[in-house]
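Chain by chain, the residues:
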Amino acid sequence: KEEVSFLFSLIEKKLRKEGENLNRNNVKVEFSGRRQQLPEKLVEIMDYVQNLTKNNNGLTLIFAINYGGRQEILDAIEKIIKKTNIKEIKEENFRNFLYLPDVPDVDLIIRTAGEKRLSNFLLWQSAYSEFYFTNVLWPDFGKDDFYKALVSYQKRKRKFGGLVK
């Protein structure tokens, strides 16, 4: 509990400090996760930064705070049951009930430190993602490593669940 409290406090301080800088650099900031279980002060600063940057059209930076892919899917189903009279759920309209429905599917997932799992992250959005695995630790992952990942991705033939023609 003490560690979680420290982390929330750290996120709050960093967001407060960097929010203006992100805005000046045309970065749009969004948050994905269950806000209702977060400390009120943290939610206030999240709302402030998100509102401050909402019209920016450069890079979009998404923070996953109190986020789990399975929980996102369950929350979407709960919204559908409680707030709609939809009788049939289709892939096309299911996305509308996710935490960030306008965020496109993930093209490339880079896993550092030799990890080879999704870790309950963006389960719906990563259905057709390409993966790049490296043994490089995240703090050491630099521009050259990122370039290697992009070159690897460029060489792939994306199928999106279909056959390559």
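Everything quoted here is computed from the prediction, not taken from an experiment.

## What to know about the pairing of strand β4 (residues 130-133)
Where a strand is regular, its side chains alternate between the two sheet faces. Of the two faces of β4, the one lined by Glu130 and Tyr132 is fully buried and the one lined by Phe131 and Phe133 carries no buried residue. The pairing of strand β3 (residues 108-111) with β4 spans four bridges and is parallel. Bridged to isoleucine 109 within β4 is phenylalanine 131.

## Looking at the nonpolar core
If you look at the biggest cluster of nonpolar residues, it comprises 13 residues, and the most contacted ones within it are Leu15, Val29, Phe31, Leu38, Leu42, Met46 and Ile65. Put simply, the parts of the chain that give this core at least two residues each are α1 (2-24), β1 (28-32) and α2 (40-53). If one sorts the elements of this core by residue count, α2 sits on top with five residues. Excluding residues within four positions of it along the chain, leucine 42 makes contact with Phe8, Ile11, Glu12 and Leu15.

The rules behind each value
Each chain has its residues counted from 1, running along the sequence as written. This being a predicted model, a pLDDT of at least 70 is required before a residue's local features are given, and a value of 80 or more before pairs of side-chain atoms are given or counted; all residues contribute to the totals for chains, interfaces and linings. Note: side-chain values were computed over all heavy atoms of the structure, leaving out hydrogens and water. To sort residues, take the accessible area from a 1.4 Å probe on protein chains only and compare it with the maximum for the residue type: under 20% means buried, over 50% means exposed, and anything in between is partly exposed. Strands are runs of DSSP state E lasting at least 2 residues, helices are runs of H or I lasting at least 4, and numbering of each runs from the N terminus. In short, DSSP must find at least two bridges between two strands for them to pair. Definition used in this section: a nonpolar core is a set of buried Ala, Val, Leu, Ile, Met, Phe, Trp, Tyr and Cys residues joined via side-chain atoms within 4.5 Å. Throughout, a residue-residue contact means that at least one pair of heavy atoms, one from each residue, lies within 4.5 Å.

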